[in-house]
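Read off the chains here:
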Amino acid sequence: MASGGSYDAIILGAGGAGMMCAALAGQRGRRVLLVDHADAPGKKILISGGGRCNFTNIDTAPDRYLSNNPHFAKSALGRYRPEDFIALVERYRIAWHEKTLGQLFCDGSAKQIVAMLLEECAKGGVTLRLGRPVGQVEHSDGLFRVSLGEETASAPALVIATGGPSIPKLGATGFAYDLARRFGLKVVEPRPALVPLTLGAEEALFRSLSGVATEVVARAGKAAFREAALFTHRGLSGPAILQASSYWRHGEQVGIDFLPSAAEGWLLEAKRARPRSTLRSVLGAALPGRLAETLADRLALEGELANLPDRALRAAEVRLADWRFTPSGTEGFAKAEVTVGGIATEGLSSQTMEARRVPGLYAIGEAVDVTGWLGGYNFQWAWASGWAAAQAI
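This text gives an overview of the structure that appears in the document. (Residues numbered from 1 in each chain as written. Predicted model: local features only at pLDDT ≥ 70, side-chain atom pairs only at ≥ 80, totals over all residues. Heavy atoms only, no water.)

As a further point, take the overall build of the protein chain. Scanning the protein chain from terminus to terminus reveals 13 helices and 22 strands. Along the three orthogonal principal directions, the C-alpha set of the protein chain runs to about 85 × 40 × 35 Å. In the protein chain, the share of contacts with a sequence separation of at least 24, taken over all contacts with a separation of at least 6, comes to 73%. Element-wise, carbon and sulfur atoms account for 50% of the exposed surface of the protein chain, whose accessible area totals about 16,600 Å². Distance between charge centres in the protein chain, computed from 43 positive and 39 negative side chains, equals 1 Å. (Helix = DSSP H or I, 4+ residues; strand = E, 2+ residues; numbered from the N terminus. Contact = heavy atoms within 4.5 Å. Areas by Shrake-Rupley, 256 points an atom, 1.4 Å probe, with all protein chains shown as cover. Lys, Arg positive; Asp, Glu negative; His and termini not counted. Charge placed at Lys NZ, Arg CZ, Asp CG, Glu CD.)

This is the structure in C-alpha cells:
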C-alpha cells in the first residue's frame, strides 16, 4: 500500500459523490484512497435513467431539495452548477440530450459517466480499493484509521460518501448513519423517497387498473407535480407519484387531479354543448378507457348530462380535480430511488461538508439530509457536495 497506508484523505464509497470528491482532491495534489465494499464503482449511476444516467438537471435550484434545513444546499449548489458538470461531460465528448423538464441524459450509456469519473480519479492519482468491506474506523491524534481486511489505512481526513439505504440489492446500507452517530453526528430519520405508493384493499378497484398511465397533478403535503401517474398491481407509481412520495407521510392523503388541463366549469360546459352525452363518454374522451370507466363507476352519475343537476356535476368536477387516496405505505427502500433524511446538516458546514465538532470528518451525497426531486437533481447534489468537500480537504 502506498506510503505505508498513509494518505491525505480516505473516501468511503465509490458512488457519484465519492468519485467526484476523490478525483478533484487528487487533482489538487492530495493523496487519496477511495474505498468501496462493492466490486465495481458507480452502481447507482449505471442503473439510473434506464441505463442512460440522468446526470444533472439544468433547472437545479435549492427549492427542489428536501432537507430539515432548506438553506443548507445553497452554498454547494451555487458554487458547482449543472453547466460545470456539462463542461466536464463535453470534455470527454460524451453526447447528451435534454429529455423533458431540464433532465439531461447520455445519448449512449451511463457507463460513459462512470468511465469519465474513473479517468478523472486516475488523473488525480487516486488509489482505488474495490471489494473491500470497511472494518474498524478509529480516530485519534488527528488521524482516522480505517481497517480494510488485513490492511489499515490512515489519513487526517475521512469522507463519508456511502449513500443511504435505498436499493439494497446494489449493496446499499445504513453504514453512513452508524458511522456518523459514532462520531456524535445526529441522523434525521431516513425514509424511502422517489418510491411507488401502495394502496390498501379498499382501493382494490384502482389496483385493477394496473398498467394504465395518464398525466395528472399529484399533491402531497405542500408539493404538487404535473407529470404522468401509473397505476400498478400494488398501487400508484409514475413520475408524478414518485415526486409526491418524497413529501408524503404515513397516514396522510395524496390528491390527484385527473384532468389538469380542464378549465373550471368544463363539465357544465359539456352539458350545454353535448346534453345527450354521458359522464362516462365525456371522461372516455379525455382519459384512458379503463380509468374513465372506473372513475365514472365511483362517481355513480348515470344517464345523459342534460338530466343531471348542475350541483352534482360541479361536485364531480371538484372530486376529479382532487381525488383523494390514502396510501397504505410505500414499496420501501427496495424500490426507492433515494432516501429522505440522513446525516443531519446542523452538524456540518454548508461550505465544506465538514463536521463542525470533528475536524477532518466530511459527509457528502445521499448520506446527508439533502434529497432532490426526480430528474437529475440528486446527481447534481452528489457532484456539488463532492466538489465542496474536495476544495477543503
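Put simply, helix α1 (residues 16–27) and helix α5 (residues 111–123) touch, their axes get as near as 7 Å, and they point 30 degrees apart. For the element pair α1 / α5, the angle class is roughly parallel. At the point where α1 passes α5, the crossing takes the left-handed sense. Between α1 and α5, the contacting residues are Met-19, Met-20, Ala-22, Ala-23 and Gln-27 on the first element and Leu-117, Leu-118, Glu-120, Cys-121 and Lys-123 on the second. A breakdown of the residues in the contact of α1 with α5 according to their chemical character gives seven nonpolar, one polar and two charged. (Axes fitted to C-alpha atoms, helices over the stretch in contact; angles between N-to-C directions. Parallel < 35°, antiparallel > 145°, perpendicular 65-115°, else oblique. Left-handed = near helix turned anticlockwise from the far one by under 90°. Nonpolar A, V, L, I, M, F, W, Y, C, P; charged D, E, K, R; others polar.)

All right, on to the state of the cysteines then. For the structure shown, the criterion picks out zero disulfides. Of the cysteine sulfurs around Cys-21, a residue in no disulfide, the closest is that of Cys-121, at 9.6 Å. With no disulfide partner, Cys-106 has as its closest neighbouring cysteine sulfur the one in Cys-53, 5.4 Å distant. (Disulfide = S-S within 2.5 Å.)

On to the side chain of Gln-103, then. Position of Gln-103 among the secondary structure elements: in strand β6 (residues 103–106). Those residues within four positions of Gln-103 in sequence are excluded, and the remaining contacts are Asn-54, Thr-56, Asn-57, His-97, Glu-98, Glu-227 and Gly-375.

Looking now at the packing of aromatic side chains. In this structure the tally under the stated criterion is 15 aromatic pairs. The interplanar angle of 45 degrees and the centroid separation of 5.9 Å between the aromatic rings of Phe-225 and Tyr-247 together place this pair among those described as tilted. You can see Phe-225 sitting in strand β15 (residues 223–231) and its partner Tyr-247 sitting in the loop between α8 (239–245) and β17 (254–257), a full 22 residues away along the chain. Take Phe-225: its relative accessible area is 5%, and that puts it in the buried class. Between Phe-231 and Phe-258, the aromatic rings sit 6.5 Å apart at their centres with planes inclined by 15 degrees, giving stacked as the arrangement. (Phe/Tyr/Trp six-rings, centres within 6.5 Å; stacked < 30°, edge-to-face > 60°. Buried < 20%, exposed > 50% of the residue type's maximum accessible area, 1.4 Å probe, protein only.)

Taken together, the three strands give an open sheet; going across it, the order is β8-β9-β10, and neighbouring strands pair in antiparallel fashion. The open sheet has two free edges, formed respectively by β8 (137–140) and β10 (151–155), since each of these has just one partner strand. Between one strand axis and the next, the sheet turns by 20 degrees as a mean value, whatever way the strands run. When β8 meets strand β9 (residues 143–148), the two strands line up antiparallel, connected through four bridges. (Pairing = 2+ DSSP bridges.)

In spatial order, the strands read β3-β6-β5; together these three strands make up an open sheet with antiparallel pairing. Each edge of the sheet is formed by a strand with only one pairing partner; in this case those strands are β3 (54–57) and β5 (96–98). Direction aside, the axes of adjacent strands within the sheet are offset by 25 degrees on average. Two elements, β5 and β6, share three bridges in a ladder whose sense is antiparallel. By the bridge assignment, His-97 is partnered in β6 with Phe-105. The sheet contacts of helix α4 (residues 82–91) involve β3, β5 and β6, and relative to β3 the element is tilted by about 140 degrees.

Charged atoms that come close allow side chains of opposite charge to pair. The tally for this structure, following the rule as stated, stands at 20 salt bridges. Between Lys-43 and Asp-39 there is a salt bridge, and its shortest N-O distance comes to 3.3 Å. On the basis of relative accessible area, Lys-43 is assigned to the partly exposed category, the value being 30%. A salt bridge links Glu-215 to Arg-226, with the nearest nitrogen and oxygen atoms 2.9 Å apart. Linking Glu-215 in strand β14 (residues 213–220) with Arg-226 in strand β15, this pair joins segments that are eleven residues apart in sequence. Classification of Glu-215 as partly exposed rests on a relative accessible area of 41%. In the salt-bridge network here, residues are joined through shared partners; they are Arg-280, Glu-293, Asp-297 and Glu-302. (Salt bridge = Lys/Arg side-chain N within 4 Å of Asp/Glu carboxyl O.)

A separate point is the nonpolar core. In this structure, Ile-45, Phe-85, Ile-113, Ile-343, Trp-381 and Trp-383 are the most contacted members of the largest nonpolar core, which totals 92 residues. When residues in this core are grouped by element, the largest group, ten residues, is from helix α13 (residues 377–392). Filtering out sequence-adjacent residues up to four positions away, Phe-85 remains in contact with Met-20, Phe-55, Tyr-80, Ile-113, Met-116, Gln-380 and Trp-383. If you look at the next biggest cluster of nonpolar residues, it comprises 41 residues, including Ala-220, Phe-231, Ala-316 and Trp-323. (Core = buried A, V, L, I, M, F, W, Y, C linked by side-chain atoms within 4.5 Å.)

Time to look at the packing of α1 against α13. Remark: α1 packs on α13, axes separated minimally by 8 Å, with the N-to-C direction vectors making an angle of 35 degrees. Viewed along their axes, α1 and α13 form a crossing whose handedness is right-handed. Contacts between α1 and α13 involve Gly-16, Ala-17, Met-20, Cys-21, Leu-24 and Ala-25 from the first element and Ala-382, Trp-383, Gly-386, Trp-387, Ala-389 and Ala-390 from the second. Looking at the contact of α1 with α13 residue by residue, the class counts come to ten nonpolar, two polar and no charged.

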